[in-house]
Amino acid sequence: MLISIDQVLTKDEVRQFRQELDASDWNDGAATAGTLAKSVKRNQQVADGSALAVRLGQHILRRLAATPLFISAALPRTIYPPKFNRYADGGTYGAHVDSALMFLPGSSQQMRTDLSATLFLAEPEEYDGGELEVEGPFGVQAVKLGAGDMVLYPSTSLHRVTPVTRGARVASFFWIESLVQDEGERTLLFDLDQSIQQMTPLVAPDDMRLLQLTGVYHNLLRRWAKP
Ligand SMILES: O=C(O)CCC(=O)C(=O)O
Ligand SMILES: [Fe+2]
């Protein structure tokens, strides 16, 4: 399932991010791709671990920690420090699947990638092309969101970024290891949690039906979460 989360960053925050990112050094993105992905990756990235990437990445992580929709959808255990990319002049990333396991930067600790995230840092009007196309059970879904909005998609999916033929597409991207590895179980928990959240203002706080559903949510989470 694809989940869009609006306004992870405000337009003001995006403007500040872009001032710094647009003035920063960009490296060839293919340098950090795996053997197979290297041949289809034509974009640029800010160096991992640079002071700018670390500072902006930490800002994104603080925002995500305070975004209930993200917590509900991802049930995150580990989040890869956000990276930053840019596609221009026909830049593209052909069809690929993200590596299943990744070393956390500067560490011997590995994480499993359950969810992939793109946080858009350019408005759709700024560039042509640059759709993130994700293959799912119901076909290909093309995603191009407003600046500050983010999409989450299963890391198991084949995906690509179509060529940017005008302007530049700037984004942050990263991966999440979830407490609930199975995509089907995670989606059931998300749907149940969202229904409970929507019902909560409509009934009394001690409504037995709501308490029971909340109990079901936590008992399923107890069953499926592997902390
Ligand atoms: O730029 C994006 O939206 C996705 C990037 C991507 O798929 C990757 O770096 O693995
Ligand atoms: Fe990818």
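Calculation rules
- Residues numbered from 1 in each chain as written.
- Chains lettered and ligands numbered in written order.
- Predicted model: local features only at pLDDT ≥ 70, side-chain atom pairs only at ≥ 80, totals over all residues.
- Heavy atoms only, no water.
- Buried < 20%, exposed > 50% of the residue type's maximum accessible area, 1.4 Å probe, protein only.
- Helix = DSSP H or I, 4+ residues; strand = E, 2+ residues; numbered from the N terminus.
- Pairing = 2+ DSSP bridges.
- Near = heavy atom within 4 Å.
- Polar contact = N/O pair within 3.5 Å; in protein donor to acceptor, adjacent residues only side chain to side chain.
- Areas by Shrake-Rupley, 256 points an atom, 1.4 Å probe, with all protein chains shown as cover.
- Nonpolar A, V, L, I, M, F, W, Y, C, P; charged D, E, K, R; others polar.

The name an unreviewed UniProt entry assigns to the chain is PKHD-type hydroxylase, from the organism Paenacidovorax caeni.

Look at any regular strand and the pattern is simple: side chains alternate between the two faces of the sheet. Of all eleven residues that make up strand S17 (residues 168-178), eleven are buried, and the element is covered over most of its length. Note: strand S5 (residues 76-79) against S17, three bridges, orientation antiparallel. In the strand pairing of S17, Ile79 is matched with Ile176. As defined by bridge partners, strand S6 (residues 83-88) adjoins S17 across six bridges and the pair is classed as antiparallel. Bridge assignment links Ala88 to a residue of S17, and that residue is Ala168. Examined bridge by bridge, strand S10 (residues 115-120) and S17 share six bridges and lie antiparallel to one another. Bridging from a neighbouring strand, Phe120 pairs with Ala171 of S17.

Neighbouring ligand 1 are Asn85, Tyr87, Tyr93, His96, Asp98, Thr118, Tyr153, His159, Val161, Arg169 and Phe173. One nitrogen or oxygen atom from the side chain of His96 is found 3.1 Å from an oxygen atom belonging to ligand 1. At 3.0 Å, a side-chain N or O of Asp98 approaches an oxygen atom of ligand 1. In isolation ligand 1 offers 300 Å² of accessible surface; the protein chains occlude 97% of this area. Elements with a contribution of two residues or more to the shell around ligand 1: S6, strand S7 (92-96), strand S15 (159-161) and S17. Residue classes in the shell around ligand 1 are distributed as five nonpolar, four polar and two charged.

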